[in-house]
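# Geometric and topological summary
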Amino acid sequence: MNKSLTHIDSDGTARMVDVGAKAETQRLAIASGRITMSAEALEAIRAGNAPKGDVLGTARIAGIMAGKRTGDLIPMCHPLAIDAINVDFSFEDKAVRATATASLTGKTGVEMEAITAVSVALVTIYDMAKALDKGMVIGDIRLIEKRGGKSGPWRAQDRH
């Protein structure tokens, strides 16, 4: 594996990677993260009666919007023509888990789009439920899986 820094040129200047000569392939990335909270906040989100309204519906839309705008947010990311971004939620013990799947046919991967979608979805949950619990903790954000591209498929191994 080449360990050179792809976003730094020989003079140490930051640069965007040129993907012009790369072949287009189908690419997919899945990312996940969670937000822990009080039982009261979790129950309000589950029941759909949080003070600001539909927490998960709003967080889903925010995550999708953020994933589509990743190239505007992360300096060295290419603006991509995303085919699809989905954000799903599941309830865990004292937490809500967000999972985002991003896909496209293109010259570069969608890992950052999936990670950005998860991150903004979780921050939106915090915003929508902070009246119930200001001590919520966002964490465990990571890439779960990627497919496509020169490096091929990759799946995270449990680190716990």
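Below or above, wherever it landed, is the structure these notes cover. (Residues numbered from 1 in each chain as written. Predicted model: local features only at pLDDT ≥ 70, side-chain atom pairs only at ≥ 80, totals over all residues. Heavy atoms only, no water.)

### Side note on the overall build of the protein
- Per the secondary structure count, the protein includes four helices and five strands.
- From first element to last, N terminus to C terminus, the protein shows the α and β order β-α-α-α-β-β-α-β-β.
- Overall size of the protein, expressed as C-alpha extent along the three principal axes, is 55 × 30 × 30 Å.
- Counting all 160 residues of the protein, 38% fall into the buried class.
- Partitioning the contacts of the protein with sequence separation of at least 6, the portion at a separation of at least 24 is 70%.
- The averaged location of the 19 negative side-chain charges in the protein is 3 Å from the averaged location of its 21 positive side-chain charges. (Helix = DSSP H or I, 4+ residues; strand = E, 2+ residues; numbered from the N terminus. Buried < 20%, exposed > 50% of the residue type's maximum accessible area, 1.4 Å probe, protein only. Contact = heavy atoms within 4.5 Å. Lys, Arg positive; Asp, Glu negative; His and termini not counted. Charge placed at Lys NZ, Arg CZ, Asp CG, Glu CD.)

### Here we look at the packing of helix α2 (residues 55-68) against helix α4 (residues 111-129)
- Where α2 meets α4, the axes come as close as 7 Å, and the angle between the chain directions of the two elements is 145 degrees. By crossing handedness, the relation of α2 to α4 is classed as right-handed. For the pair formed by α2 and α4, the contact residues are Val55, Leu56, Thr58, Ala59, Ala62, Gly63, Ala66 and Gly67 on the first element and Glu113, Thr116, Ala117, Val120, Ala121, Thr124, Ile125 and Met128 on the second.
- Considered class by class, the residues forming the contact of α2 with α4 number 10 nonpolar, five polar and one charged. (Axes fitted to C-alpha atoms, helices over the stretch in contact; angles between N-to-C directions. Left-handed = near helix turned anticlockwise from the far one by under 90°. Nonpolar A, V, L, I, M, F, W, Y, C, P; charged D, E, K, R; others polar.)

### Section: the pattern of salt bridges
- Across all of its chains, the model carries nine salt bridges by this definition.
- Asp127 is the salt-bridge partner of Lys130, the closest N and O atoms lying 2.8 Å from each other.
- The closest approach of N and O atoms between Arg147 and Glu145, which form a salt bridge, is 2.8 Å.
- Accessibility expressed as a relative area gives 41% for Arg147, which makes it partly exposed. (Salt bridge = Lys/Arg side-chain N within 4 Å of Asp/Glu carboxyl O.)

### Here's the deal with the sheet that holds strand β4 (residues 137-147)
- The strand order across the open sheet built from five strands is β2-β3-β1-β4-β5, with neighbouring strands paired in antiparallel fashion. Edge positions in the sheet fall to β2 (84-92) and β5 (154-155), since each of these pairs with one other strand and no more.
- Where helix α1 (residues 39-47) meets the sheet, its contacts fall on β2 and β3 (95-106), and the angle it forms with β2 comes to roughly 130 degrees.
- Sheet strands touched by α2: β2 and β3. Its angle to β2, the strand with the most contacts, is close to 140 degrees. (Pairing = 2+ DSSP bridges.)

### Things to note about α2
- An ideal rise of 1.5 Å per residue puts 20 Å on 14 residues; α2 measures up with 20 Å between its terminal C-alpha atoms.
- The inward-facing, buried residues of α2 contact α1, α3 (70-73), β2, β3 and α4.
- The N-capping residue of α2, defined by a side-chain oxygen 3.0 Å from the backbone nitrogen of Gly57, is Asp54. (Expected span 1.5 Å × (residues − 1). Polar contact = N/O pair within 3.5 Å; in protein donor to acceptor, adjacent residues only side chain to side chain.)

### Topic: a nonpolar patch on the surface
- A cluster of nonpolar residues, Val123, Ile138 and Ile141, forms a patch on the protein surface that exposes about 210 Å² of accessible area.
- Overall, Ile141 belongs to the partly exposed group, its relative accessible area being 34%. (Patch = residues over 30% accessible without salt bridge, like charges linked within 9 Å, V, L, I, M, F, W, Y side chains within 5 Å. Areas by Shrake-Rupley, 256 points an atom, 1.4 Å probe, with all protein chains shown as cover.)

### Re the pairing of β3
- Examined bridge by bridge, strand β1 (residues 25-36) and β3 share 12 bridges and lie antiparallel to one another. Following the sheet pairing, Ile35 is matched in β3 by Val96.
- Two strands pair when backbone bridges link them, and β2 and β3 are joined in this way by nine bridges, in the antiparallel orientation. Residue pairing for β3: Phe89 is matched across the bridge by Ala98.
- In sequence, β2 turns back onto β3 through a hairpin of two residues, with Lys94 there showing a positive phi of about 60 degrees.

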